[in-house]
Amino acid sequence: PTWRMFTALDYHYWTQPLPTWTAWFVAQLPHGFHVLSMMFMYAVELFIPLLIFGPPSARLISFVGMVFLQLLIFFTGNYNFFNLLTIALGFFLLNDTQWAGILPASFLHWLGSPGAALASSPFLGVTLIVAFFLMFVGGKQLMETVFPRAVLPSFFQKLEDAAQPFRSGSSYGLFRVMTVRRPEIIVEGSLDGKEWRPYTFRYKPGDPHRRPSFVEPHQPRLDWQMWFAALGGVRQEYWFQQFLVRLLEGSPPVLRLLGPHPFPDQPPRFVRALLYEYRFTDLRRENFWDALRATALRSDFPWWKRTLIGPFAPVLSLREGSGSVYTPSP
């Protein structure tokens, strides 16, 4: 519904897995700006790709449109190497003449003329066969997305099954359904069950006063998976249960994935996980100049506001001698 009603970008900047500090400022812009951004995004993703099959001038337009969209995403969110890979694919839209206006002549001479060699080689036939194969696979997935009740011949399913192991013809569904809230997991440990200290993750939101950072093209998989875990439940996330066990054990490889260790001398006796509702602070409720000074690493500026929802994982402790965990009695 948010994509149909042009409200998706009202949520995207603060609900995405690893926001950047630039996303905070873009999120403050009025709704009309987000509507125009969505119109541009729809044009680039639905119509610009058709220019790929046109003459060089049309392909150049598609290249510029796609790269510009990827740069906008790159500067407002952390999607590791996703944007860089997409831009790299876009370079194939430029022909030799257009490259001649970008690269030095000596470099082009060193590269030779691969286009002419490909046109006269048997690889052209192989390329066409693979292209038609992927076109049928992609067409099937598109039909199932737009017309979910449509019944297609079994032949198309066999083609998709054949392409699946190569991971080159599968559908891409990240943010197909825009999340409109941001639950965030805060993991805490304790030596006595009374005083609790939070674990600091390197990249995901935690301390509301810590400025969101740029981490791309790095892919911090632990921080990234914590976003998905918060949308589910602890029983569905078996890896998260094992993560808590490793914290109780003081596992060095696991602790290296985190920020400053709150228990430098010994592992905690107890761990727990709390669930908070996070949201960017609103510029209209903050002093504008305070917001600008925050970009200069001012440490006390509130980038986030959060509200406690409740426990995500119960208090756990390591059973001595067995390596298993249990929930201690209150």
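Below is a short write-up of the structure.

The rules behind the values
Residues numbered from 1 in each chain as written. Predicted model: local features only at pLDDT ≥ 70, side-chain atom pairs only at ≥ 80, totals over all residues. Heavy atoms only, no water. Axes fitted to C-alpha atoms, helices over the stretch in contact; angles between N-to-C directions. Helix = DSSP H or I, 4+ residues; strand = E, 2+ residues; numbered from the N terminus. Parallel < 35°, antiparallel > 145°, perpendicular 65-115°, else oblique. Left-handed = near helix turned anticlockwise from the far one by under 90°. Contact = heavy atoms within 4.5 Å. Salt bridge = Lys/Arg side-chain N within 4 Å of Asp/Glu carboxyl O. Buried < 20%, exposed > 50% of the residue type's maximum accessible area, 1.4 Å probe, protein only.

Considerations on the packing of helix α3 (residues 31–47) against helix α4 (residues 56–74)
Between α3 and α4, the least distance of the axes is 9 Å, while the angle of their chain directions is 130°. Comparing their axes, α4 and α3 come out oblique. In terms of crossing hand, the pair formed by α3 and α4 is left-handed. Residues F40, V44 and E45 of α3 lie in contact with α4, whose contacting residues are G65, M66, F68, L69 and L72.

Describing the pattern of salt bridges
The final tally for this structure, using the stated rule, is seven salt bridges. The partner of K140 in a salt bridge is E160, and the shortest N-O contact between them spans 2.5 Å. With K140 in helix α9 (residues 123–146) and E160 in helix α10 (residues 154–163), the pair connects residues that are 20 residues apart, well separated along the chain. The pair K140 / E160 is uniform in exposure class, with both members buried. One salt bridge in this structure joins E184 and R182, with 2.8 Å as the shortest N-O distance. Of the two residues, E184 and R182, neither departs from the other in class, the shared state being buried.

Observations concerning the environment of L94
Along the chain, the position of L94 falls in the loop between α5 (82–90) and α6 (96–100). A relative accessible area of 9% places L94 in the buried class. As for L94 and P56, which are separated by 38 residues in sequence, their C-alpha atoms are 7.2 Å apart. Apart from the residues within four sequence positions on either side, L94 is in contact with L60, F63, W99 and I102.

Some details on unusual backbone geometry
Of note, the bond from E216 into P217 is cis; its omega dihedral lies within 30 degrees of zero at 10°. You can see P217 is positioned in the loop between β2 (197–198) and α11 (221–231).

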